[in-house]
Amino acid sequence: MTKYIFHIGTNLHLAFAEVVSVYGLKSIKGYQRDYLLVELNFEFTQSHLDKLGSVIEVYQVLSEPSYLDENLIADDLSSHSFESKVLFGVSSNFLDGKHKLDVLKRVKKNVKFSCRFLESITAASIKSGGALNVKTFVYGFFEFLNVKYFARLSAIQDIDSYSRRDFGKPYRSAKLGMLPPKLSQVMLNLAGGKSVYDPFCGTGTILIEAILAGKKAKGSDLQTVNIEGTKSNLQWLVDNFQYHFGGNPPKLNLEKNVFEADATKMKSTYLTGVDCIVTEGFLGAPKRGTEYDKELESEIVELGELYYLFLKALAKVNSLAGFTVVLTLPVFKGSKPKDPKNFFIENLVEKLPALGYSVSALVPSNDFGIKAKESVLYKRNDQKVFRQVYRLTHRGK
Ligand SMILES: C[S@@+](CC[C@H](N)C(=O)[O-])C[C@H]1O[C@@H](n2cnc3c(N)ncnc32)[C@H](O)[C@@H]1O
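Residues numbered from 1 in each chain as written. Predicted model: local features only at pLDDT ≥ 70, side-chain atom pairs only at ≥ 80, totals over all residues. Heavy atoms only, no water.

**Student:** Help me out: how do you make sense of the overall build of the protein in this one?
**Tutor:** Each helix and strand counted, the protein has 12 helices and 19 strands in total. Relative to a compact globule of 397 residues, whose C-alpha radius of gyration would be 21 Å, the protein shows 23 Å and is just as compact. Based on the C-alpha atoms only, the size of the protein along its principal axes is roughly 70 × 50 × 40 Å. Evaluated residue by residue, the protein yields a buried proportion of 52% over its 397 residues. Taking as baseline every contact in the protein between residues at least 6 positions apart, the subset at least 24 positions apart corresponds to 74%. About 19000 Å² of surface is accessible on the protein, with carbon and sulfur atoms providing 51% of the total. (Helix = DSSP H or I, 4+ residues; strand = E, 2+ residues; numbered from the N terminus. Rg over C-alpha atoms; globule rule 2.2 N^0.38 Å. Buried < 20%, exposed > 50% of the residue type's maximum accessible area, 1.4 Å probe, protein only. Contact = heavy atoms within 4.5 Å. Areas by Shrake-Rupley, 256 points an atom, 1.4 Å probe, with all protein chains shown as cover.)

In structure tokens, the structure reads:
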């Protein structure tokens, strides 16, 4: 067993849900200020991190000393041989900036070779290409439940690849809402499954992430323009991300796997060979931020009807017990500054049991003080539409 420390992004609940879904609740041994202590029975590498949407960096634990001091860093640095200048830094879940700087200065004094320290750790400063720079060492001083951990950074999120996926694809549409690739990855991980269907595929973001994760992917949408756009995006993926596929790109069969269809008129053929649905459904008309609350309220009711019809149609054709649906439901941010209110689709969750679905909680109860949650809100403050992530399981017919 090896211990790792996962630095998680801004959404604790989503990150916790993702790590639990992929590695199991038992793998998590601690949580303290943006970091999870995780124990795994395999070597966690960059390619594992590349499949997680909510983890920014991963540190491998080197020791559990009684004291965390500069000698640990100096000794580890000295055990590597260098021909040219080395860079080093330190992260922590209990030291503040001033104390980290003191540690770094003392390390520099202690070692006999030429080196430079990084006051702040940014991906750009420590990476070369998609991986860590071989001459950069970022250490971690961590504490979980009064136990101290000395760790070294072993994998970091490939932000360049995310922005290429996000901004580089040929067909994009601000009107459709631009689901972030990282959230798509989290949703795919919440679902599990090897073969995914997105019945509201839009520009194909979820399908792109599914294919990169080595899954089979199928998608449909009501609009021809989105179907054509998704096809060109998937072809672009296969043509431009060769290194992700290690010279063995997947066969897409676009004519068969990306097709025009109304999600509220689901057919059993759409689900052939599929073991889960992962989707961001329709978010409504693009928002200016000046809509009256009344307008938002009536639009959210209409959207609720669309989601209900989709889930009802799916339940009719789906005969697979345990079939999983991970979906986001839109949440509108009200525009009254004095009375800020979010508009949710109400009453949908209550209608689900009658259709054969149960909500499978995303954040299980745990010993880390993290609130258990059925669903998790994903939001950025500059957005006018947020997304509530749900995981449903169908009991079969
Ligand atoms: C928010 S977008 C999805 C965006 C997508 N996740 C992406 O990354 O581009 C919702 C999509 O649902 C489609 N849509 C709306 N109503 C539909 C229906 N009844 N059946 C199928 N697709 C529908 C829209 O055309 C739109 O492309």
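**Student:** Before we go on, may I ask you to explain the nonpolar core in this structure?
**Tutor:** A general trend in soluble globular proteins is that nonpolar side chains are found buried together. Judged by nonpolar contacts, the single largest core of 56 residues is most densely connected at F6, F44 and V278. Taken together, domain 1 (2-157) and domain 2 (161-394) each give at least three residues to this core, which thus spans both. Filtering out sequence-adjacent residues up to four positions away, F44 remains in contact with Y4, F6, Y23, L49, L52 and V58. Ranked by size, the runner-up nonpolar core spans 35 residues in total, among them V274, L296, Y357 and V385. (Core = buried A, V, L, I, M, F, W, Y, C linked by side-chain atoms within 4.5 Å. Domains from an automatic or database assignment.)

**Student:** Hey, could you run me through the sheet that holds strand β1 (residues 2-8) in this one?
**Tutor:** Note: strands within a sheet are paired through backbone hydrogen bonds, in either parallel or antiparallel orientation. The sheet built from 8 strands is open, its strands ordered β2-β3-β1-β4-β10-β9-β5-β6 with mixed pairing. The outermost strands of the open sheet, each flanked by one partner alone, are β2 (28-32) and β6 (115-117). Ignoring which end each strand starts from, the neighbouring axes of this sheet average 30° apart. When β1 meets strand β3 (residues 35-40), the two strands line up antiparallel, connected through 6 bridges. (Pairing = 2+ DSSP bridges. Axes fitted to C-alpha atoms, helices over the stretch in contact; angles between N-to-C directions.)

**Student:** Quick question: what am I supposed to make of the site of the ligand here?
**Tutor:** Surveying the vicinity of the ligand reveals 20 residues, the closest of which are T203, T205, D221, A263 and E280. Taking T203, its side chain carries an N or O atom lying 2.6 Å from an oxygen atom of the ligand. A distance of 3.0 Å separates an oxygen atom of the ligand from a polar side-chain atom of N226. Burial of the ligand by the protein amounts to 96% of the accessible area it has alone, namely 600 Å². Along the lines of polarity and charge, the residues of the shell around the ligand split into 11 nonpolar, 6 polar and 3 charged. (Near = heavy atom within 4 Å. Polar contact = N/O pair within 3.5 Å; in protein donor to acceptor, adjacent residues only side chain to side chain. Nonpolar A, V, L, I, M, F, W, Y, C, P; charged D, E, K, R; others polar.)

**Student:** For this particular structure, what's the right way to read the side chain of S27?
**Tutor:** When you line up the elements, S27 lands in the loop between α1 (12-23) and β2. A relative accessible area of 6% means that S27 is categorised as buried. One polar contact links the side chain of S27 to the main-chain carbonyl oxygen of G24, over a distance of 2.7 Å. If sequence neighbours within four positions are ignored, S27 has contacts with L37, V38, E39 and L40.

**Student:** Would you explain the packing of α1 against helix α7 (residues 181-191) in this entry?
**Tutor:** Between two packed helices, both the angle of their axes relative to each other and the distance between the axes serve to describe the pair. One can describe the packing of α1 onto α7 by two numbers: an axis separation of 8 Å at closest approach and a directional angle of 40°. When the interaxial angle is binned, α1 and α7 end up oblique. Considering the relative orientation of α1 and α7, their crossing is left-handed. Residues L14, A17, E18, S21 and V22 of α1 form the contact with α7, whose participating residues are L183, Q185, V186, N189 and L190. (Parallel < 35°, antiparallel > 145°, perpendicular 65-115°, else oblique. Left-handed = near helix turned anticlockwise from the far one by under 90°.)

**Student:** Help me out: how do you make sense of the pattern of salt bridges in this one?
**Tutor:** Close approach of charged atoms allows side chains with opposite charge to pair. Tallied over the entire structure, the rule returns 14 salt bridges. Across the pair D102 and K98 runs a salt bridge, and its minimum N-O distance is 3.1 Å. Here K98 and D102 lie together in helix α4 (residues 97-110), a separation of 4 residues that amounts to about one turn. Taking the relative accessible area as the measure of exposure, D102 reaches 23% and is therefore partly exposed. Residue K98 is classed as exposed on the basis of its relative accessible area, which comes to 55%. (Salt bridge = Lys/Arg side-chain N within 4 Å of Asp/Glu carboxyl O.)

**Student:** Could you clarify how one ought to interpret the pairing of strand β11 (residues 195-198) in this entry?
**Tutor:** Along any regular strand the residues' side chains alternate between the sheet's two faces. In β11, alternate side chains face the same way, and those of S195 and Y197 on one face and V196 and D198 on the other are all buried. When β11 meets strand β12 (residues 216-221), the two strands line up parallel, connected through 4 bridges. Bridging from a neighbouring strand, V196 pairs with A217 of β12. Crossover connection from β11 via helix α8 (residues 205-212) to parallel β12: handedness right-handed. Where β11 lies against strand β14 (residues 276-280), 2 bridges are found, and the strand directions are parallel. Across the sheet, Y197 pairs through a bridge with I277, a residue of β14. (Right-handed = clockwise from strand over helix to strand, strands pointing away.)

**Student:** Quick question: what am I supposed to make of the domain arrangement of the protein here?
**Tutor:** The extent of an interface is frequently quoted as the accessible surface area lost upon association of the parts. Here the protein is described as being made up of domain 1 (2-157) and domain 2 (161-394). Domain 1 and domain 2 are separated by 33 Å when their C-alpha centres are compared. Counting from both sides, the interface comprises 21 residues of domain 1 and, opposite them, 22 residues of domain 2. Roughly 1800 Å² of surface becomes buried between domain 1 and domain 2 when both sides are summed, with 71% attributable to carbon and sulfur atoms. Broken down residue by residue, the surface that domain 1 buries against domain 2 is led by H13, L14 and F16, which jointly contribute 32%. Here domain 1 is connected to domain 2 by 0 salt bridges. Between the two partners, domain 1 and domain 2, sit 7 residue pairs in polar contact (both at pLDDT 80 or more). Looking at the side of domain 1 that touches domain 2 element by element, the count peaks at 9 residues for α1. Across the side of domain 1 that touches domain 2, the residue classes tally to 10 nonpolar, 7 polar and 4 charged. (Buried area = accessible area lost by both parts, 1.4 Å probe.)

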